[in-house]
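Here's the letter readout for the chains.
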Amino acid sequence: RRVIREPSSVDVAMTIREADLYNKVTEQIYTFCKNRYGERRANFFVIIPQRQLCSSIPAAVRRWQKLAGIDTEDEDTSVIESVSGTSVEEVSQNTGTLTAELAHISQELGSFKELKHNDSKYKVLINTLTKYWQDYPEKKVIVFAYYRDTLGYLKERLDEKGINSVLMMGGI
């Protein structure tokens, strides 16, 4: 009795808004790191936020906005409201420099709710899962993600849709 694994990946085109956001974060982080550490290091440092965005734009932006003290459930993210009392300046003192810069940039990235509503990757995932379960209603699916916040975000979205899911995270 052997489990048969049939992994698949799906190409998802970013919306114009998602591509603009991705490019803006890339450009701002690259410029920040280039000015601070030099061009060679900037090329390396920009990979981290790019991977987070590729995993899930809404999850990455929500994480960065929480670091900045922005209430991600509020429609108006242009006003920083911190439940914990943490300001962007305090984030700079208590976290790594790149993390602090991402928190700072996140103030300009727009509403988490808007990003969530227009999440192209989630829409493709849910369509793919729906089609799969039409053919195999009793089967289970495992979704892997690079970024832990993506897993939490997907769990929330699946719960909202009434899809039973279990969140499992590994670590070292």
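This text goes with the structure placed above it.
Residues numbered from 1 in each chain as written. Predicted model: local features only at pLDDT ≥ 70, side-chain atom pairs only at ≥ 80, totals over all residues. Heavy atoms only, no water.

Among soluble globular proteins, nonpolar side chains are generally buried collectively. Grouped together as the largest cluster of nonpolar side chains are 19 residues, with contacts concentrated most on Leu21, Val25, Ile29, Leu53, Val61, Trp64 and Leu109. Contributing elements (two or more residues each) for this core: helix H1 (16-37), helix H4 (57-67) and helix H6 (97-106). At 6 residues, H1 tops the list of elements feeding residues into this core. If we ignore the near neighbours within four places in the chain, the residues touching leucine 53 are Leu21, Tyr22, Val25, Ala60, Val61 and Trp64. Of all hydrophobic cores here, the second largest spans 9 residues; its members include Tyr122, Ile126, Leu154 and Leu158. (Core = buried A, V, L, I, M, F, W, Y, C linked by side-chain atoms within 4.5 Å. Buried < 20%, exposed > 50% of the residue type's maximum accessible area, 1.4 Å probe, protein only. Helix = DSSP H or I, 4+ residues; strand = E, 2+ residues; numbered from the N terminus. Contact = heavy atoms within 4.5 Å.)

By the element assignment, serine 111 lies in the loop between H6 and helix H7 (112-117). Looking at serine 111, its side chain comes within polar contact range of the main-chain nitrogen of lysine 113, at 3.1 Å. Reaching out from serine 111, the side chain makes a polar contact with the backbone nitrogen of glutamate 114 at a distance of 3.2 Å. (Polar contact = N/O pair within 3.5 Å; in protein donor to acceptor, adjacent residues only side chain to side chain.)

The next subject is helix H9 (residues 148-160). Counted at 1.5 Å a residue, the expected span for H9 with its 13 residues is 18 Å, and the 19 Å between its end C-alpha atoms agrees. Within the span of H9, buried status applies to Thr150, Leu151, Gly152, Tyr153, Leu154, Arg157 and Leu158. Those residues of H9 that are buried are in contact with helix H3 (47-55), H4, H7 and helix H8 (120-135). (Expected span 1.5 Å × (residues − 1).)

So, on to the packing of H1 against H6. One can describe the packing of H1 onto H6 by two numbers: an axis separation of 11 Å at closest approach and a directional angle of 140°. In terms of orientation, H1 lies oblique with respect to H6. Relative to H6, H1 is oriented so that their crossing is right-handed. Contact residues: H1 offers Val25, Gln28, Ile29, Phe32, Cys33, Arg36 and Tyr37, while H6 offers Thr97, Leu98, Glu101, Leu102 and Ile105. (Axes fitted to C-alpha atoms, helices over the stretch in contact; angles between N-to-C directions. Parallel < 35°, antiparallel > 145°, perpendicular 65-115°, else oblique. Left-handed = near helix turned anticlockwise from the far one by under 90°.)

Now for H4. Of all the 11 residues making up H4, 9 are buried; the element is thus mostly covered by neighbouring parts of the structure. Buried within H4 are the following residues: Ile57, Pro58, Ala59, Ala60, Val61, Arg62, Trp64, Gln65 and Leu67. Two residues or fewer past H4, glycine 69 is found with a positive phi of approximately 80°.

Right, let's get into the layout of surface pockets. Computed from the structure, the largest pocket encloses a volume of approximately 2200 Å³. Lining the largest pocket are 45 residues, with Leu129, Val141, Ile142, Val143 and Phe144 positioned closest to its centre. Secondary-structure elements contributing two or more residues to the lining of the largest pocket are H3, H8 and H9. If one sorts the elements of the lining of the largest pocket by residue count, H8 sits on top with 8 residues. Across the lining of the largest pocket, the residue classes tally to 28 nonpolar, 8 polar and 9 charged. (1 Å grid on protein atoms, 1.4 Å probe; cavity = no way out; pocket = protein on both sides within 12 Å on 5 of 7 lines; lining within 4 Å. Points joined across faces, edges and corners; volume = space filled by probe spheres on them. Nonpolar A, V, L, I, M, F, W, Y, C, P; charged D, E, K, R; others polar.)

Before going further, it helps to examine the packing of H1 against H3. The description of two packed helices rests on the angle between their axes and on the distance between the axes. Between H1 and H3, whose axes approach to 9 Å, the crossing angle comes to 165°. If you check the angle between H1 and H3, you find them roughly antiparallel. Between H1 and H3 lies a crossing of right-handed hand. On H3, the residues touching Leu21, Tyr22, Val25, Thr26 and Ile29 of H1 are Pro49, Gln50, Leu53 and Cys54. Each residue belonging to the contact of H1 with H3 can be placed in one class, and the counts come to 7 nonpolar, 2 polar and no charged.

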